[in-house]
Amino acid sequence: MQVSLERSVLKVLAYFDMFHYPLLKEEVHFFLDHATGLRDVESALEQLVRAHCVYRHDEFFSLSPDRSLVNRRRKGNQHAGQLLSIAYKVSALLYRFPFVRGIGISGSLSKNFADEKADIDFFIITRANRLWIARTIMHLFKKLTFLAGRQHWFCMNYYVDEEAMIIEERNVFTATELVTLMPVAGNGTLDDFFRVNAWAFDYFPNARLNARHRFNKFPWYKRMAEWLFNNRFGDALDNYLMHLTSRRWKKKEDACKLNIKGNRMGLRTGKHFSKPNPYHFQKKVLETYRRKIATVEEQWSVCSN
């Protein structure tokens with residue numbers, strides 16, 4: 001049991017070491033791959049520290065001896081607190097757009113970290129068969145935010161509608177993103193989303209869902225706009241906008257364009273979803289993680305003997 005637990009602890013630390021992020025013991029427990037108590041995790045961490053497989057920096061644990069990572073984390077946590085207050089206000093605004101049914105904060109901010117160049121990433125659920133109308137209106141609005149230099153507050157990266165809430169890619173990356181997603185606005189649809197994606201908690205049985213969730217009413221102008229598109233014209237428009245956006249993004253992907261962070265641009269599209277192409281950043285993370293685990297386990301086998 002202890003050997004298995006130490007290996008699991010190392011896997012957690014290895015994942016977040018890719019992002020140069022030391023963890024508290026409670027966070028190690030949260031992301032562990034099997035159910036156990038916090039005291040058992042504490043014991044495993046102590047053993048790994050004594051074996052010089054893991055480094056303790058104050059209340060944090062890391063695979064790296066670099067203490068500057070703790071200062072980086074503390075600054076990132078502080079900045080995240082400031083950015084989250086903005087994200088709550090932005091999410092309330094985004095929820096007022098037609099056909100939006102749920103808003104969640106994702107990305108590094110959902111893990112309570114933000115560097116000076118951090119964006120506010122949003123996960124959005126729309127009404128069935130109206131995703132592309134909602135997305136287009138929201139992204140037209142985003143273009144206006146460039147005028148005020150606030151575009152990084154409105155990174156609406158991932159859309160699904162009520163017909164396709166199950167996340168197809170099931171791996172440690174998507175599970176991590178799902179269990180850390182912060183539900184902040186909606187009409188209850190996000191509760192359904194977490195129910196149909198309960199598989200993510202099989203990866204992290206000690207994880208607990210972030211409870212912050214505001215139930216918002218529809219303003220009159222949102223109801224009016226939805227009524228205007230609740231017909232065959234709305235059906236045709238949604239399909240047209242899907243095909244238009246898909247063609248534009250295919251050209252970007254074929255040209256191997258990079259975003260401002262240097263990551264390959266790509267979008268997977270369908271009638272009921274719009275999401276980053278997993279074969280770019282997600283695949284890169286998973287491949288790096290597999291290599292890192294192999295290295296860490298090799299080092300652990302040496303220092304534990």
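Residues numbered from 1 in each chain as written. Predicted model: local features only at pLDDT ≥ 70, side-chain atom pairs only at ≥ 80, totals over all residues. Heavy atoms only, no water.

(A) Structural view of a nonpolar patch on the surface. On the surface, W220, Y221, M224, W227 and L228 cluster together into a nonpolar patch covering about 640 Å² of accessible area. Its location among the elements puts M224 in helix α9 (residues 220-228). (Patch = residues over 30% accessible without salt bridge, like charges linked within 9 Å, V, L, I, M, F, W, Y side chains within 5 Å. Areas by Shrake-Rupley, 256 points an atom, 1.4 Å probe, with all protein chains shown as cover. Salt bridge = Lys/Arg side-chain N within 4 Å of Asp/Glu carboxyl O. Helix = DSSP H or I, 4+ residues; strand = E, 2+ residues; numbered from the N terminus.)

(B) Inspection of the side chain of E226 at higher detail. Tracing the backbone shows E226 in helix α9. Taking the relative accessible area as the measure of exposure, E226 reaches 9% and is therefore buried. Non-local contacts of E226, meaning those with residues more than four positions away in its chain, are made with P98, F99, V100, R101 and F218. (Buried < 20%, exposed > 50% of the residue type's maximum accessible area, 1.4 Å probe, protein only. Contact = heavy atoms within 4.5 Å.)

(C) Highlighting the packing of aromatic side chains. Under the counting rule described, the total for this entry stands at 19 aromatic pairs. For the pair Y15 and F19, a centre-to-centre distance of 5.7 Å together with 55° between the ring planes defines the contact as tilted. Judged by its relative accessible area of 4%, Y15 falls in the buried class. Classification of F19 by relative accessible area gives partly exposed; the value is 33%. (Phe/Tyr/Trp six-rings, centres within 6.5 Å; stacked < 30°, edge-to-face > 60°.)

(D) Structural view of unusual backbone geometry. Phi at D58 takes a positive value of approximately 60°, unusual for a residue other than glycine. Residue position: D58 is located in the loop between β2 (55-57) and β3 (60-62). Phi at N112 takes a positive value of approximately 65°, unusual for a residue other than glycine. Within the secondary structure, N112 is located in the loop between β4 (100-106) and β5 (121-126).

(E) Quick look at helix α7 (residues 189-196). Residues T189, L190, F193 and F194 constitute the buried set of α7. Projected onto a plane normal to the axis of α7, the buried residues spread over an arc of 140° and lie on a single side. The inward-facing, buried residues of α7 contact β4, β5, α6 (172-180) and β7 (182-186). (Arc of directions from axis to C-beta.)

(F) Layout of the sheet that holds β2. If you walk across this open sheet you meet the three strands as β1-β3-β2, and the pairing is antiparallel. The two strands at the open ends of the sheet, each matched to only one other strand, are β1 (23-24) and β2. Examined bridge by bridge, β2 and β3 share three bridges and lie antiparallel to one another. Bridge pairing in β3 links Y55 to S62. Together, β1, β2 and β3 form the strand contacts of helix α4 (residues 68-94), whose direction differs from that of β3 by roughly 125°. (Pairing = 2+ DSSP bridges. Axes fitted to C-alpha atoms, helices over the stretch in contact; angles between N-to-C directions.)

(G) Fine view of the nonpolar core. In this structure, V9, L13, Y15, V54, F123 and F193 are the most contacted members of the largest nonpolar core, which totals 51 residues. Counting only elements with at least two residues in this core, the list comes to α1 (2-17), α2 (25-30), α3 (38-50), β5, β6 (155-161), α6, α7 and α11 (281-303). Here this core takes eight residues from α1, the largest share from any one element. Residues contacting Y15, with those up to four places away along its chain left out, are V172, F173, T176, V285 and Y289. In terms of nonpolar packing, the next biggest core, distinct from the first, is built from 33 residues, L94, Y95, L131 and W132 among them. (Core = buried A, V, L, I, M, F, W, Y, C linked by side-chain atoms within 4.5 Å.)

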